[in-house]
Amino acid sequence: MRSLLAVAVVSAFAAPGPARLLVEAREFNLALSRSSVAAGPAIVQLANRGEDPHDLQLKRIRGRGRGKVAETPPGEVGEWEGRLRRGRYRLVCTLDGHRRLGMRAVLRVR
Ligand SMILES: [Cu+2]
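Report on the accompanying structure. Predicted model, so just to flag it, every value in this text is computed and none were measured.

1. Thoughts on the environment of Val69
Link 1 in the chain: Mapped onto the fold, Val69 is located in strand β6 (residues 66–72).
Link 2 in the chain: Among the residues examined, Val69 registers a relative accessible area of 1% and is labelled buried.
Link 3 in the chain: Linking Val69 and Glu81, residues twelve residues apart in sequence, is a C-alpha distance of 9.0 Å.
Link 4 in the chain: Here Val69 is in contact with Val44, Leu46, Asp55, Leu56, Gly78, Glu79 and Trp80, once residues within four sequence places are set aside.

Below you can see the structure in the form of structure tokens.
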């Protein structure tokens, strides 16, 4: 009985959930909680720690693959749930001028 329970607990932890990424937005940069994530299902959260609204576009540098967190007010958290393909994604805030001012980053998907 005891060993059965142990097996159940181990397999629950081993079950692959979606990859998670937290992106913190400020004027004017994006800080990623990690530089790479596993390919497959993913949850990307945009935490707006700044004073202006921000959004987040994810676009695979080569080939298809994109995602978008809608414009998120200061102090709030927006979310995108989807699939990430192997490769590199460019992350940017698409609000006027924000990318140029520094709100861009690259995420590696392995
Ligand atoms: Cu922005």
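2. Some words on the pairing of strand β4 (residues 40–48)
Link 1 in the chain: For β4, the tally of buried residues reaches seven of nine residues, placing the bulk of the element in the interior.
Link 2 in the chain: Direction of pairing for strand β1 (residues 19–26) relative to β4: parallel, over a ladder of seven bridges. Across the sheet, Arg20 pairs through a bridge with Ile43, a residue of β4.
Link 3 in the chain: Across eight bridges, β4 lies against strand β7 (residues 77–84) in antiparallel orientation. Within β7, the residue paired with Pro41 across the bridge is Arg83.

Definitions and cut-offs
- Residues numbered from 1 in each chain as written.
- Predicted model: local features only at pLDDT ≥ 70, side-chain atom pairs only at ≥ 80, totals over all residues.
- Heavy atoms only, no water.
- Helix = DSSP H or I, 4+ residues; strand = E, 2+ residues; numbered from the N terminus.
- Buried < 20%, exposed > 50% of the residue type's maximum accessible area, 1.4 Å probe, protein only.
- Contact = heavy atoms within 4.5 Å.
- Pairing = 2+ DSSP bridges.

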